[in-house]
Amino acid sequence: MPDSIDFPRKPVLVLGASGFIGARVVEALSAGTSYQPIAASRRPKPGGIVLDATNPAAMREALRGAARVVNCVAGSNEAMVRSTQALCDAARGQPPGRIVHLSSMAVYGSASGSVREDHPAVQPVSGYGQAKIACEQIIGKYVRDGGDAVMLRPTCVFGPGSTQWTTRLARLLEARRIGDLGSAGDGCCNLAFIDDTVAAIVNALDAANVAGRTFNVSSSAELTWNEFLVRFARSLGATPVKRIVPRMLKLETKLLAPARKIAGKVLRGPATEAITPSLAALWAQDIRIDSAAAVDALRMPQTTPDAMIAAAVQWLHGVSPATRPEFAR
Amino acid sequence: MIDSADDIVQDATLRANICIVGGGPAGITLAMELARLGKSILLLESGDLAPADDVQTLNEGEVADEALHSPPDKYRPRVLGGGTSIWGGRCVPFDPIDFEARPWMDHSGWPIGFKEIEQYYPAANTLCEAGDYEYDARLAVAGGMRPVLRGFAPLHFDVNRIERFSCPTHFGARYRDRLRADGNIRVLIKATVTRLRTSPDGARIDGLDAQNHNGIGFSVSADQFVLAMGGMEIPRLLLTSNDVHSQGIGNANDLVGRFYMSHIAGTVGSLQVNGPRDAVWHGYDVAADGTYCRRRIALRPEVQARLGLGNAVFRLHHPRITDPRHRTGPLSAIYLGQYFISYEYAKRLVSDSPPTLATWLRHGVNAATDPFSTMRFLAHWVRARTLAERKFPSIIIRPRTNLFSLDFHAEQVPNPDSRITLGQKTDRFGNRQVRVDWRYTALDIETVARSFELLRADLAERQTASLTLAANEPDIETVVRRDGAYGGHHIGTARMGASPATGVVDSNGKLFGVNNLYIAGSAVFPTSSQANPTLTIVATALRLADHLGTIARQVPRLSTVGQLVPAG
C-alpha cells in the first residue's frame, strides 16, 4: 500500500506496543499530528489490537493499512527472531513505507573502545545479542530485497518507565547490593534516555536518506558505570553509597544469581533481582557507543546524564508501589 | 598491557613516546592520562605486582640518626602501586598559604600559586577515590559534620577544615585492569632503572639503562622521560647519573637531594575535656558518596603570618596506647597485639618505649576488665575495616573518661642541610645506596610548640578543656624527637623553583637545563604544608600530564623515536 496522502495522519503499526519502549512510542505518536499509532501486542491496552507477532497470518492481517511499522517486540530470543521473520515476510507482500526496527547494542558483544555502527561483533556475544543479530540479518535481507527499513541500536534505555535500567538499578542501589563497584565498574556507561530514544524512533519514520541504514542510539556523555551509579544513588537518597567488595559481586554473579532467578519464577521482589554475569560484565566493559550518526541524521536529542537521573528519580519517587512496574526478570 | 622485564633479552632497546620511571600514584596517574593522547607510554616499575623481599633490598641505605628516621627500605615498597600499597588514605589539599613566599620562612614559596594546583584536585580526589572535592565540614556531609568539641570556636584555629579518606586505594591493584587494557600503555614490571644516559652536550636524555631481576640489561629511548620514583630514589638516580654532568643531572647548583622534608608529626599532650562525653566527637562522619570525613583543628593562616610559624593541624586522639593508665580495654588489646601490626603502623602506635613485663601485665588487666568494649571494638574493626572495601580509616576509641591526646601534623620548613646523598655501600647493580640525613629546625619545633600553646589558650578560654603536656613529655622537642620524621613523606629533594638557582625543576616539573626530563611526585614540592602529600602528588601528576599533552600536541612530528616495539 502506498503512502496514504488521503489521511492527514499516517497509520503506524507499533509491534510490542505494551512494552516499555512501544508504549512510549504509541504515546508520542498519539501526541503528535503526523501519525496514527496502531498499538499491537499480545495483551493490548485499551484501544490496541491483539497480535501474536510470531504468527505470520496474524502479522499479514495487522500490516494491512499500515504506512509505517515500528518493531519493538521483546520477549524470548526465539519470539524476537520469529516475529521479525513474520514481519519481513508479510511486508514483502504488502510493503509499508518503512520499518523502524529496534535492535540493541548487545549485537556488538564484547567489543571495546569507540564503537560506530560498522563495528563487527566481538565474541562472546550473549544469547540476547545473538538473537538481535539474527533479527538484523532478517531485516538486512529485507532491505537487500528492496524493502525500506531503518535499524536502531539503543544502549541501556534509561528513564521513567524503564524496569530494566531504572527500577532494577534503583532497587539494587537501595539494597546496597551495588554502589561504587571499584574496578568492576570502570566500564563505560552507555545510556539512552527514553525520551531521546523515542524521538529517534519517531524521527526515523520519515527521515530522508536513512533507508537501509543502522544507527546507534545513546547519550554521548562519557561516564563510567561507577560515576553513574554513584550519581544515581545520591539522587535516590540511597546514601551513603556503598563500596562493593569484589568477592561479594563475584558471589552475586556466580552463586546467588542462579538462586535468585529460580526464586523469581515463584515470587518477585528485590530479593529475587539477580545480578547476572552478563550484567556485571557490562559494568566493566570499556565500550563507548558512538551515536553521532543518529544525532546528525535522525536529529536525536541528547539529554544530559543529570537530567536523565532527575527525571528517573522523580518518576521512581512519584510512582506509588501499586503502580510501580514489576521487576524485570 | 603489563609485561615482565624478565622476558627481555640482553641489550634490547625499548622505544616509547614517553617513558615514566616508577609505578606509584604519580607514575600510574601520568600513564593513564597520557595514554589518552594516543602516545605510546612505557611505565617502568622495579617491583612486581606483589611485594617481594629481594627487590625491596634495593631500597636499603643508611640513616644519619636512626632514632629520628626510619630505615630507607621502610615506607617505600617497590611494587606496582608504590607507596599507595601501604597508604593510610588520608587526603587533604594544600592551603593557599603553602604556595606563598613567606618572609619568615627561608626558601619558601612556589613558582606557581594554589589555583594552579587546585584545578586538578577534583580529578585527583576521584582517582584517590576520596569522593567529592569538598573539604569544608559544613558542606561535606548533609547537615554539616558533628563538632569536635561542642561550642568550641577557637580564635587561632579553623575547625571546619577536614580530611577525607581514600578506600585506601592501592593504585597498583585498583588501576591494574585499566593499565592492562589500554593499548597505548605498556607497563614493564621488574625493570630497575640504573642510569640515565645524557647527550654529550648534557641538554637531553638520550635514553636510560635498566636491568631485570636476573641482571639482564636493556635500554629505553623516548621523546620524554618522567621520573616518578619518590623523593629518595629520584635524587639517587640523578646523582648516580654523573657521566656528563659530573655533579649529577640537574645538580649544578647543588640542590638535588637537599631540602629533604617530611612532616613534624606525632601524638602529644593530655587533653581533659570538661562536660559530658557526648560533647566530644573525635571520630568520622560519612559523606553521601561514602567517604569517611574527619575534622581537623587547623592553625589559621593569618596566625601563621603574624607569629611567623609554619602550617599545622591537630586532631583529637585517644590517649597514648603504651601508657596503661588509660584503663581502656581496646587500646590495651592493640598493645598486646602489636606484633600482628605492620612495622609502618606499629611504629606510630606502640613504639615509644620498650615493653616490660609489668606493662604487659597492666595492659592484660585492662583488656580483661573491659571485655565488652574490647569485643565491640574488634567486631567493628573486622566488619568495617578487615572485610570492607572502603575501610574505616583508623582506630577510634572512646576513652573511658574524657581524656584524650592530640595528634599533630605540622609543616617542616625547607632546610638545605636536611638531605639525601649517596652512601658508600652499593646495591646489587653496583649503584650507591642512599644516605638519609634528616634534620629539623628550630622553626619546626616552634611551629608545634606555639600552636600547642595557642590551642591550650583557646581551650581554656571558655573552660572547654584543659590541655597539658603528658607526664613523660618534658617539652615539645622531646615529643618531636620521640616520633621523628613522619614515615613515608619524602618531600623537596628535587624542588620546583623559579630559576636554576632556587630549583631543580621549573614550574612545569622539567629539569632546568635538560630538555626532555621531568619529575613528578612530592620531590618537586618546595614546601611541605600541613597536608599529607598523596592527593597533591596525584594533582601535580595530572598537571604535568596536561603540560606534556600540550607539548605533544604542539610538536606532533618531532618524535625522534618510532612506535613501541615488543621486547626481545
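Residues numbered from 1 in each chain as written. Chains lettered and ligands numbered in written order. Predicted model: local features only at pLDDT ≥ 70, side-chain atom pairs only at ≥ 80, totals over all residues.

Let's talk about the overall build of chain A
In terms of regular secondary structure, chain A is built from 11 helices and 11 strands. Over its C-alpha trace chain A gives a radius of gyration of 20 Å, about what one expects of a compact globule, namely 20 Å for 329 residues. Each of the three principal axes of chain A carries a C-alpha extent, and together these read 60 × 40 × 35 Å. Across the 329 residues in chain A, those meeting the buried criterion constitute 46%. (Helix = DSSP H or I, 4+ residues; strand = E, 2+ residues; numbered from the N terminus. Rg over C-alpha atoms; globule rule 2.2 N^0.38 Å. Buried ≥ 20, exposed ≤ 12 C-beta atoms within 10 Å, placed from the backbone.)

Details of the overall build of chain B
Each helix and strand in chain B was counted, giving 16 helices and 21 strands. Whereas a compact globule of 568 residues would reach a radius of gyration of roughly 24 Å, chain B reaches 24 Å, a difference of no more than 12%. Principal axes of the C-alpha set define a box for chain B whose edges measure 70 × 50 × 50 Å. Sequence separation of 24 or more characterises 76% of the internal contacts of chain B that already satisfy a separation of 6 or more. (Contact = placed C-beta atoms within 7 Å.)

Observations regarding the packing of helix 2 (residues 56-63) of chain A against helix 3 (residues 77-93) of chain A
All names here are of chain A. Two numbers describe how helix 2 lies on helix 3: the axes approach to 9 Å, and their chain directions differ by 50 degrees. For the element pair helix 2 / helix 3, the angle class is oblique. Taken as a pair, helix 2 and helix 3 cross one another with a handedness that is right-handed. Taking contact as the criterion, the partners of P56, M59, R60 and L63 in helix 2 are, on helix 3, A86, L87, D89, A90, A91 and G93. Taken together, the residues of the contact of helix 2 with helix 3 sort by class into 7 nonpolar, 1 polar and 2 charged. (Axes fitted to C-alpha atoms, helices over the stretch in contact; angles between N-to-C directions. Parallel < 35°, antiparallel > 145°, perpendicular 65-115°, else oblique. Left-handed = near helix turned anticlockwise from the far one by under 90°. Nonpolar A, V, L, I, M, F, W, Y, C, P; charged D, E, K, R; others polar.)

Topic: the pairing of strand 16 (residues 312-317) of chain B
All names here are of chain B. Most of strand 16 sits out of view: 6 of its 6 residues are buried. Side chains A312, F314 and L316 project from strand 16 onto one buried face, and the interleaved V313, R315 and H317 project onto a second face that is buried too. Taken together, the 2 bridges between strand 15 (residues 297-299) and strand 16 define a ladder with antiparallel strand orientation. Across the sheet, A298 pairs through a bridge with V313, a residue of strand 16. Relative to strand 17 (residues 403-411), strand 16 runs antiparallel, the two being bridged by 6 bridges. Looking at the pairing, V313 lines up with H409 of strand 17. (Pairing = 2+ DSSP bridges.)

A closer look at the sheet that holds strand 16 of chain B
Residues and elements named next belong to chain B. Reading across the sheet, the 6 strands line up as 6-15-16-17-12-20 and stay open at both edges, with antiparallel pairing between neighbours. Strand pairing shows two members of the sheet lacking a second neighbour, strand 6 (157-158) and strand 20 (465-468), which therefore form its edges. Bridge count for strand 6 against strand 15 is 2 bridges, and the pairing is antiparallel. Opposite F157, over in strand 15, you have L299 as the bridge partner. Where helix 14 (residues 442-461) meets the sheet, it contacts strand 6, strand 12 (263-273), strand 15, strand 16, strand 17 and strand 20, and its direction lies at approximately 155 degrees from that of strand 20.

Topic: the interface of chain A and chain B
In this complex, chain A contributes 14 residues to the contact, which on the side of chain B involves 12 residues. Grouping the constituent residues of the side of chain A that touches chain B by class yields 5 nonpolar, 3 polar and 6 charged.

Structural notes on the sheet that holds strand 4 (residues 68-71) of chain A
Residues and elements named next belong to chain A. Taken together, the 7 strands give an open sheet; going across it, the order is 3-2-1-4-5-7-10, and neighbouring strands pair in parallel fashion. A single partner strand is all that each edge strand has here, and the edge strands are strand 3 (49-50) and strand 10 (214-217). Here strand 1 (residues 10-15) runs beside strand 2 (residues 35-41); their pairing, made up of 6 bridges, is parallel. Bridge pairing in strand 2 links L15 to A40. On top of the sheet, helix 1 (residues 20-31) reaches strand 1, strand 2, strand 4 and strand 5 (98-102); it is set at about 155 degrees to strand 2, its chief contact. In the packing of helix 3 onto the sheet, contacts are made with strand 1, strand 4 and strand 5, and the angle to strand 4 comes to roughly 170 degrees.

Let's talk about the nonpolar core
Ranked by size, the top nonpolar core spans 138 residues in total, and within it B:L30 and B:A31 carry the most contacts. Of the residues forming this core, the biggest block, 9 residues, is contributed by helix 16 (residues 534-554) of chain B. Sequence-distant contacts of B:A31, that is, excluding residues within four places in its chain, are made with B:I20, B:I41, B:L43, B:L179 and B:I185. Ranked by size, the runner-up nonpolar core spans 100 residues in total, among them A:A90, A:L102, A:V115 and A:L282. (Core = buried A, V, L, I, M, F, W, Y, C linked by C-beta atoms within 7 Å.)

What about the domain arrangement of chain B?
Splitting chain B by domain gives domain 1 (2-97 + 168-257 + 419-431 + 490-554) and domain 2 (320-391). Domain 1 of chain B and domain 2 of chain B are separated by 37 Å when their C-alpha centres are compared. (Domains from an automatic or database assignment.)

Some thoughts on helix 8 (residues 233-240) of chain B
An α-helical turn contains 3.6 residues, so a residue and the one three or four places further along point in the same direction. Residues and elements named next belong to chain B. The buried count for helix 8 comes to 8 of 8 residues, which makes it a mostly enclosed element. When helix 8 is considered as a whole, its buried residues turn out to be E233, I234, P235, R236, L237, L238, L239 and T240. On its buried side, helix 8 packs onto strand 9 (192-198), strand 11 (217-227), strand 18 (419-426), strand 19 (432-437) and strand 21 (517-519).

Describing the environment of B:T540
Residues and elements named next belong to chain B. With respect to the secondary-structure elements, T540 resides in helix 16. When the 27 C-beta atoms within 10 Å are taken as the criterion, T540 is described as buried. When the C-alpha atoms of T540 and N402 are compared, they prove to be 41 Å apart, with 138 residues separating the residues in sequence. Setting aside its immediate chain neighbours within four residues, T540 contacts I117, A520 and V524.

With respect to the pairing of strand 9 of chain B
Residues and elements named next belong to chain B. Strand direction decides the pairing type here: strand 9 and strand 10 (residues 205-211), joined by 6 bridges, are antiparallel. The residue of strand 10 that forms the bridge with T198 is I205. The antiparallel hairpin formed by strand 9 and strand 10 contains 6 residues in its connecting segment, where G202 sits at a positive phi of about 80 degrees.

What about the packing of helix 3 of chain A against helix 4 (residues 127-144) of chain A?
A packed helix pair is summarised by two numbers, namely the angle formed by the two axes and the spacing between the axes. All names here are of chain A. Relative orientation of the contacting elements helix 3 and helix 4 amounts to 5 degrees, with a least axis distance of 9 Å. It follows from the interaxial angle that helix 3 and helix 4 lie roughly parallel. Across the interface between the two elements, N77, M80, V81, T84, Q85, C88 and A91 of helix 3 pack against G127, Y128, A131, A134, C135, I138, I139 and Y142 of helix 4. Here the contact of helix 3 with helix 4 is composed, by residue class, of 11 nonpolar, 4 polar and no charged.

Considerations on unusual backbone geometry
The step from A:Q123 to A:P124 runs through a cis peptide bond, and the omega angle for that step is 0 degrees. Summarising the element assignment, A:P124 is placed in the loop between strand 6 (113-115) and helix 4. Cis geometry marks the peptide bond from B:C167 to B:P168, where omega comes out at 0 degrees. Examined against the element boundaries, B:P168 turns out to sit in the loop between strand 7 (162-165) and helix 6 (171-174). One non-glycine residue, B:D11, lies in the positive phi region at around 70 degrees. Mapped onto the elements, B:D11 comes out in the loop between strand 1 (2-4) and strand 2 (13-21). Judged by the 9 C-beta atoms lying within 10 Å of it, B:D11 is exposed.

Here we look at helix 4 of chain A
Residues and elements named next belong to chain A. Taking 1.5 Å of rise per residue, the 18 residues of helix 4 would be expected to cover 26 Å, and the 26 Å separating its terminal C-alpha atoms lies within 8% of that figure. All of the buried residues in helix 4 are G129, A131, K132, I133, C135, E136, I138, I139 and Y142. Of the surrounding secondary structure, the elements contacted by the buried residues of helix 4 are helix 3, strand 5 and strand 7 (149-154). Directly after helix 4, the chain includes G146, whose backbone phi takes a positive value near 110 degrees. (Expected span 1.5 Å × (residues − 1).)

Looking at the environment of B:V193
Its place among the elements puts B:V193 in strand 9. Between the alpha carbons of B:V193 and B:F114 there is a distance of 33 Å; along the sequence they are 79 residues apart.

Notes on the confidence of the model for chain B
Within chain B, residue pLDDT values average 93, and 96% of them lie at 70 or more. With pLDDT under 50 throughout, residues 560-568 of chain B is counted as low confidence; its partners more than four residues away or in other chains account for 22 contacts. (pLDDT = per-residue confidence, 0-100.)

Thoughts on the confidence of the model for chain A
Counting all residues, the mean pLDDT for chain A is 91, and 95% of those residues have values of 70 or more. Here residues 320-324 of chain A scores under 50 on pLDDT; set against residues more than four positions off or in separate chains, the count is 2 contacts.

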